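Structural overview for review
The primary structure of each chain is shown beneath.
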Amino acid sequence: MAERRRTRVNSKITQLPEDIKEQLDAQLLDTSNTYDDIAKWLKGEGFNISKSAVGRYAIRANQAAQRVAETLERTKAIAAAVEKNPDLDFTKASRMVLMDGLMQRVSTAEDDFAEMPLDKAGKLIASLSRVGVYEQKVKRDYKSKMELAFEALEEDLLKAIKADPQLSKELHAVLQKARDRILTDD
């Protein structure tokens, strides 16, 4: 059975008063301060915290800052893509950027996958497959609805201009051309 990971850290540093924690964060930003210097400062403030604990806190804080920065970059990439191409589907652009981030995470997660039970891996693969099948179904349903809409539109227009056979023939050609453009896969 895989070992359960802790998702929340409860350390002496997380229990510090907010003003001390803010000062600690400021000291961590100044790279001239060593973890030992910061631990000594904390001791002077009445908090007995080791330099190792300060180091672990700094690593967690840096990882959190890195995740925020990566998220901000992804958001900027989505906004830039939509700005360059206003016809772009915003949700599709978001999915593509998120998928890229997930693929990067997957490519560096060898240990996580090595520890993953086979049944969980199978469920994950099945879930991913369902998403692909669902996307294809939505696309087929959309095409069917568009086809029905065009047929109904053509029928209504043909009834309205039935008195002029030449106009009817031209309109039919225009509608067929529009249908072909819209329903063609990109």
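Before going into details, it helps to say that this report is about the structure given with it. As the structure is a prediction and not an experimental result, all values here were calculated from the model. Each chain has its residues counted from 1, following the order in which its sequence is written. In view of the model being predicted, local features appear only for residues whose pLDDT reaches at least 70, and side-chain atom pairs are presented and counted only at 80 or more, with totals across whole chains, interfaces and linings using the full set of residues. Calculation of side-chain values draws on the structure's entire complement of heavy atoms; hydrogens and water are dropped beforehand.

1. Brief notes about the nonpolar core
Among the buried residues, those of types Ala, Val, Leu, Ile, Met, Phe, Trp, Tyr and Cys that are joined through side-chain atoms within 4.5 Å form a nonpolar core. Any residue under 20% of the maximum accessible area for its type is buried, any over 50% is exposed, and the rest in between are partly exposed; the area is computed with a 1.4 Å probe on protein chains only. Ranked by size, the top nonpolar core spans twelve residues in total: I13, L16, I20, L24, I38, A39, W41, L42, I49, A53, V54 and Y57. In this description a helix means any DSSP run of H or I spanning at least four residues, a strand means any run of E spanning at least two, and both kinds are numbered starting from the N terminus. For this core, the secondary structure elements donating two or more residues are α1 (18–29), α2 (35–44) and α3 (51–84).

2. As for the packing of α2 against α3
How two helices pack is summed up by the angle between their axes together with the distance between the axes. One way to put it is that α2 packs onto α3 with a least axis distance of 8 Å and a crossing angle of 115°. It follows from the interaxial angle that α2 and α3 lie roughly perpendicular. Between α2 and α3 the crossing geometry is right-handed. Where α2 abuts α3, its residues Y35, D36, I38, A39 and L42 lie against K51, V54, G55 and A58. The residue classification treats Ala, Val, Leu, Ile, Met, Phe, Trp, Tyr, Cys and Pro as nonpolar and Asp, Glu, Lys and Arg as charged. All others, Gly included, are polar. Looking at the contact of α2 with α3, its residues break down into six nonpolar, one polar and two charged. Axes here refer to lines fitted to C-alpha atoms; in helices the fit is confined to the stretch in contact. Angles between the N-to-C directions go from 0 to 180 degrees. What sets the label is the angle itself: under 35 degrees gives roughly parallel, over 145 gives roughly antiparallel, 65 to 115 gives roughly perpendicular, and the rest give oblique. For any helix crossing, the convention is left-handed if the near helix is rotated counterclockwise from the far helix by under a right angle, and right-handed if that rotation is clockwise. The contact rule is simple, with two residues in contact once any of their heavy atoms fall within 4.5 Å.

3. Examining helix α7 (residues 165–183)
The terminal C-alpha atoms of α7, which comprises 19 residues, lie 27 Å apart, in line with the 27 Å expected from a rise of 1.5 Å per residue. Listed as buried for α7 are S168, L171, L175, R179 and L183. The arc that holds the buried residues of α7, viewed along the axis, is 85°, so those residues lie on one side. Among the exposed residues of α7, those pointing more than 90 degrees away from its buried face are K169, V174 and R181. On its buried side, α7 packs onto α6 (118–160). Expected helix span is taken as 1.5 Å per residue step, with the number of steps being one fewer than the number of residues. Note that the arc is defined by the directions from the helix axis to the C-beta atoms.

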